[in-house]
Amino acid sequence: MKILFGGIIFLAFVTGGCDSQYDPVVDVRLTPPNFQIKNQTIEPLFFLAIETDLLARINMADPCDNFKPNLSPYEMKEIPIKEVYGVDEQSTSITVIWTDCKSPVNSKRLMIN
(Lines give C-alpha, C1' and ligand atoms only; values in the text may rest on other atoms or scores of the structure.)
Protein backbone atom coordinates (compact mmCIF):
# COMPACT_ATOMS: atom_id res chain seq x y z
CA MET A 1 0.00 0.00 0.00
CA LYS A 2 2.81 2.44 0.82
CA ILE A 3 4.36 1.72 -2.59
CA LEU A 4 1.14 2.68 -4.33
CA PHE A 5 0.73 5.77 -2.13
CA GLY A 6 4.31 6.91 -2.77
CA GLY A 7 3.88 6.41 -6.51
CA ILE A 8 0.62 8.36 -6.56
CA ILE A 9 2.20 11.27 -4.67
CA PHE A 10 5.15 11.31 -7.09
CA LEU A 11 2.92 11.23 -10.17
CA ALA A 12 0.67 13.97 -8.81
CA PHE A 13 3.71 16.13 -8.01
CA VAL A 14 5.34 15.73 -11.40
CA THR A 15 2.21 16.07 -13.52
CA GLY A 16 1.45 19.43 -11.91
CA GLY A 17 4.28 21.00 -13.93
CA CYS A 18 3.28 19.58 -17.31
CA ASP A 19 0.89 20.85 -19.97
CA SER A 20 -1.39 17.95 -20.91
CA GLN A 21 -1.37 17.61 -24.71
CA TYR A 22 -0.80 13.92 -25.48
CA ASP A 23 0.70 10.81 -23.96
CA PRO A 24 4.07 9.81 -25.39
CA VAL A 25 4.15 6.25 -26.70
CA VAL A 26 6.90 4.32 -24.97
CA ASP A 27 7.57 0.59 -25.01
CA VAL A 28 9.01 -0.79 -21.76
CA ARG A 29 9.72 -4.49 -21.41
CA LEU A 30 11.68 -6.92 -19.32
CA THR A 31 14.43 -8.77 -21.19
CA PRO A 32 16.34 -10.48 -18.34
CA PRO A 33 18.93 -9.67 -17.21
CA ASN A 34 18.01 -6.28 -18.70
CA PHE A 35 15.02 -4.10 -19.39
CA GLN A 36 14.38 -2.13 -22.56
CA ILE A 37 12.80 1.25 -23.06
CA LYS A 38 11.99 2.58 -26.52
CA ASN A 39 10.74 6.08 -27.27
CA GLN A 40 8.27 5.73 -30.14
CA THR A 41 7.58 9.45 -30.49
CA ILE A 42 9.12 12.44 -32.23
CA GLU A 43 9.76 14.13 -28.87
CA PRO A 44 12.79 13.62 -26.59
CA LEU A 45 11.90 12.11 -23.22
CA PHE A 46 13.29 11.95 -19.72
CA PHE A 47 13.14 8.52 -18.10
CA LEU A 48 14.20 7.08 -14.80
CA ALA A 49 14.28 3.48 -13.63
CA ILE A 50 14.21 2.91 -9.89
CA GLU A 51 13.57 0.04 -7.50
CA THR A 52 9.87 0.25 -6.60
CA ASP A 53 10.24 0.18 -2.79
CA LEU A 54 12.89 2.91 -2.97
CA LEU A 55 10.55 5.06 -5.07
CA ALA A 56 7.95 4.82 -2.30
CA ARG A 57 10.42 6.08 0.33
CA ILE A 58 11.96 9.11 -1.35
CA ASN A 59 10.90 12.55 -2.53
CA MET A 60 11.93 13.07 -6.12
CA ALA A 61 12.52 16.38 -7.81
CA ASP A 62 10.26 17.30 -10.69
CA PRO A 63 12.18 16.41 -13.90
CA CYS A 64 10.29 19.16 -15.72
CA ASP A 65 11.83 21.90 -13.55
CA ASN A 66 15.14 21.46 -15.37
CA PHE A 67 14.17 19.19 -18.27
CA LYS A 68 17.13 17.18 -19.53
CA PRO A 69 15.91 14.44 -21.86
CA ASN A 70 17.91 11.23 -21.88
CA LEU A 71 15.97 9.29 -24.53
CA SER A 72 15.96 10.71 -28.06
CA PRO A 73 13.07 10.30 -30.49
CA TYR A 74 12.79 6.64 -31.62
CA GLU A 75 15.79 5.67 -29.49
CA MET A 76 15.88 2.35 -27.63
CA LYS A 77 18.06 1.64 -24.61
CA GLU A 78 18.74 -1.68 -22.95
CA ILE A 79 19.84 -1.39 -19.34
CA PRO A 80 20.99 -4.12 -16.95
CA ILE A 81 18.50 -4.51 -14.11
CA LYS A 82 21.37 -4.66 -11.61
CA GLU A 83 22.27 -1.06 -12.61
CA VAL A 84 18.81 0.33 -11.75
CA TYR A 85 18.82 2.69 -8.74
CA GLY A 86 18.22 0.77 -5.51
CA VAL A 87 18.13 -2.77 -6.92
CA ASP A 88 19.64 -5.48 -4.74
CA GLU A 89 19.17 -9.24 -4.28
CA GLN A 90 15.91 -8.69 -2.33
CA SER A 91 14.26 -6.43 -4.93
CA THR A 92 11.09 -7.74 -6.53
CA SER A 93 10.26 -4.96 -8.99
CA ILE A 94 11.44 -1.82 -10.69
CA THR A 95 9.40 1.15 -11.83
CA VAL A 96 10.24 2.98 -15.05
CA ILE A 97 8.98 6.55 -15.22
CA TRP A 98 9.01 8.75 -18.33
CA THR A 99 7.84 12.19 -19.44
CA ASP A 100 8.24 14.69 -22.23
CA CYS A 101 7.06 17.49 -19.89
CA LYS A 102 4.21 18.26 -22.28
CA SER A 103 1.97 15.51 -20.95
CA PRO A 104 1.47 13.70 -17.63
CA VAL A 105 4.16 11.40 -16.31
CA ASN A 106 3.73 7.75 -17.24
CA SER A 107 5.16 4.71 -15.54
CA LYS A 108 5.34 0.95 -15.77
CA ARG A 109 6.20 -1.55 -13.04
CA LEU A 110 8.27 -4.58 -14.02
CA MET A 111 8.48 -7.65 -11.77
CA ILE A 112 12.10 -8.83 -11.60
CA ASN A 113 11.87 -11.74 -9.12
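Definitions and cut-offs
- Residues numbered from 1 in each chain as written.
- Predicted model: local features only at pLDDT ≥ 70, side-chain atom pairs only at ≥ 80, totals over all residues.
- Heavy atoms only, no water.
- Disulfide = S-S within 2.5 Å.
- Helix = DSSP H or I, 4+ residues; strand = E, 2+ residues; numbered from the N terminus.
- Buried < 20%, exposed > 50% of the residue type's maximum accessible area, 1.4 Å probe, protein only.
- Salt bridge = Lys/Arg side-chain N within 4 Å of Asp/Glu carboxyl O.
- Contact = heavy atoms within 4.5 Å.

S.K.: Give a description of the state of the cysteines that names residues and reports values.
M.R.: Inspection of every chain in the model, using the stated rule, returns one disulfide. Cysteine 64 shares a disulfide with cysteine 101; S-S distance 2.0 Å. In this structure the cystine formed by cysteine 64 and cysteine 101 twists about its S-S bond by roughly -95 degrees; its chirality is therefore left-handed. Within this pair, whereas cysteine 64 is found in the loop between helix H2 (52-57) and strand S4 (76-80), its partner cysteine 101 is found in the loop between strand S5 (93-99) and strand S6 (106-111), the two being separated by 37 residues in sequence. The exposure classification of cysteine 64 matches that of cysteine 101, with both residues buried.

S.K.: An account of the pattern of salt bridges is requested, with residue identities and associated values reported.
M.R.: Going through the model one piece at a time under the given rule, you end up with two salt bridges. We note a salt bridge from arginine 29 to aspartate 27, for which the minimum N-O separation is 2.7 Å. The class of arginine 29 is partly exposed, set by a relative accessible area of 41%. Assessed through its relative accessible area of 22%, aspartate 27 is described here as partly exposed. The salt bridge partner of lysine 102 is glutamate 43, with a shortest N-O separation of 2.8 Å. With lysine 102 in the loop between S5 and S6 and glutamate 43 in the loop between strand S2 (34-39) and strand S3 (46-51), this residue pair connects regions lying 59 residues apart in the sequence. Accessibility expressed as a relative area gives 30% for lysine 102, which makes it partly exposed.

S.K.: Give a description of the environment of isoleucine 81 that names residues and reports values.
M.R.: If you trace the backbone, isoleucine 81 turns up in the loop between S4 and S5. With a relative accessible area of 11%, isoleucine 81 lands in the buried category. Along the primary structure isoleucine 81 and glutamate 51 are separated by 30 residues, whereas in three dimensions their C-alpha atoms are 9.4 Å apart. The residues contacting isoleucine 81, other than those within four sequence positions of it, are Leu30, Pro33, Asn34, Phe35, Val87 and Ile112.

Keep in mind that these numbers describe shape and distance, not what the molecule does.
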